[in-house]
Amino acid sequence: MNSYYGHSLVAFSCISCSKNDDPADNDLFVGTYKGKVSYSDSQQKKSADNGAVTVIKTGNDYYFRFSDGIPDLKGVSFKKEGDNTLVNIDLKDGVKIIRINASSLNILYTTDGKTWIANASR
């Protein structure tokens, strides 16, 4: 019985460290990043030096939930840059730059007169 569990554990370990298992496809970026966050539009300006952004993956897109009453960013798509970084750069309808890896999140996102900024880490 002990050898059965040993083989099972080895098989599980090999599956979890497979070279085909790209961290950018997993939930490596999901979680809370803390740091400076801000938001502005024609009606309001909000900022916090000790704010937070929680990153949630929904299908192939990401959702950014901001602290301090800052509206959320929803439905952001990314391309992989290397194995451990996601990047969204779109300059068509405003400046949309989001760079995220396991330890940091940087956002400069403007659209429809609204601007989100985050410089956060975990």
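Parameters at a glance
- Residues numbered from 1 in each chain as written.
- Predicted model: local features only at pLDDT ≥ 70, side-chain atom pairs only at ≥ 80, totals over all residues.
- Heavy atoms only, no water.
- Helix = DSSP H or I, 4+ residues; strand = E, 2+ residues; numbered from the N terminus.
- Buried < 20%, exposed > 50% of the residue type's maximum accessible area, 1.4 Å probe, protein only.
- Contact = heavy atoms within 4.5 Å.
- Core = buried A, V, L, I, M, F, W, Y, C linked by side-chain atoms within 4.5 Å.
- Polar contact = N/O pair within 3.5 Å; in protein donor to acceptor, adjacent residues only side chain to side chain.
- Patch = residues over 30% accessible without salt bridge, like charges linked within 9 Å, V, L, I, M, F, W, Y side chains within 5 Å.
- Areas by Shrake-Rupley, 256 points an atom, 1.4 Å probe, with all protein chains shown as cover.
- Salt bridge = Lys/Arg side-chain N within 4 Å of Asp/Glu carboxyl O.
- Pairing = 2+ DSSP bridges.

Once that is clear, we can look at the overall build of the chain. Along the backbone of the chain there are one helix and nine strands. Mapped from its N terminus to its C terminus, the chain presents α and β elements in the order α-β-β-β-β-β-β-β-β-β. In the chain, buried positions account for 34% of the 122 residues. Within the chain, residue pairs in contact and separated by at least 24 positions form 40% of the contacts whose partners lie at least 6 positions apart.

Mapped onto the elements of the fold, K74 is located in strand 4 (residues 73-76). Put simply, K74 and K57 are 17 residues apart on the chain and 10.0 Å apart in space, counted from C-alpha to C-alpha. Setting aside chain neighbours within four positions, we find K74 in contact with Y62 and Y63.

On to unusual backbone geometry, then. One non-glycine residue, D68, adopts positive backbone phi at about 60°. By the secondary structure assignment, D68 is in the loop between strand 3 (61-66) and strand 4. With phi around 50°, D112 is a residue other than glycine that occupies positive phi space. Along the chain, the position of D112 falls in the loop between strand 8 (104-111) and strand 9 (114-121).

With 22 residues, the main nonpolar core has F64, F66, I98, L105 and I107 as its most contacted residues. Of all the elements in the fold, those that place two or more residues in this core are strand 1 (31-40), strand 2 (45-58), strand 3, strand 4, strand 7 (96-101), strand 8 and strand 9. The contact partners of F66, leaving out residues within four places of it in the chain, are V37, A52, V53, P71, D72, L73, I107, W116, I117 and A118.

Okay, the environment of S67 next. Secondary-structure assignment places S67 in the loop between strand 3 and strand 4. With 15 residues separating them in the primary sequence, S67 and A52 have C-alpha atoms 5.3 Å apart. Look past the residues within four positions of S67 in its chain and what remains in contact with it is V37, G51 and A52. A polar side-chain atom of S67 sits 2.5 Å from a polar atom in the side chain of D68.

The next point concerns a nonpolar patch on the surface. Residues V95, I97, L108 and I117 make up a contiguous nonpolar surface patch of about 250 Å² in total accessible area. Assignment of secondary structure puts L108 in strand 8.

We now examine the pairing of strand 1. The pairing of strand 1 with strand 2 spans nine bridges and is classified as antiparallel. Its bridge partner being in strand 2, S40 is matched across the sheet by K45. Taken together, strand 1 and the strand that follows it, strand 2, pair antiparallel across an intervening segment of four residues. Bridging between strand 1 and strand 9 involves seven bridges; their strand directions are antiparallel.

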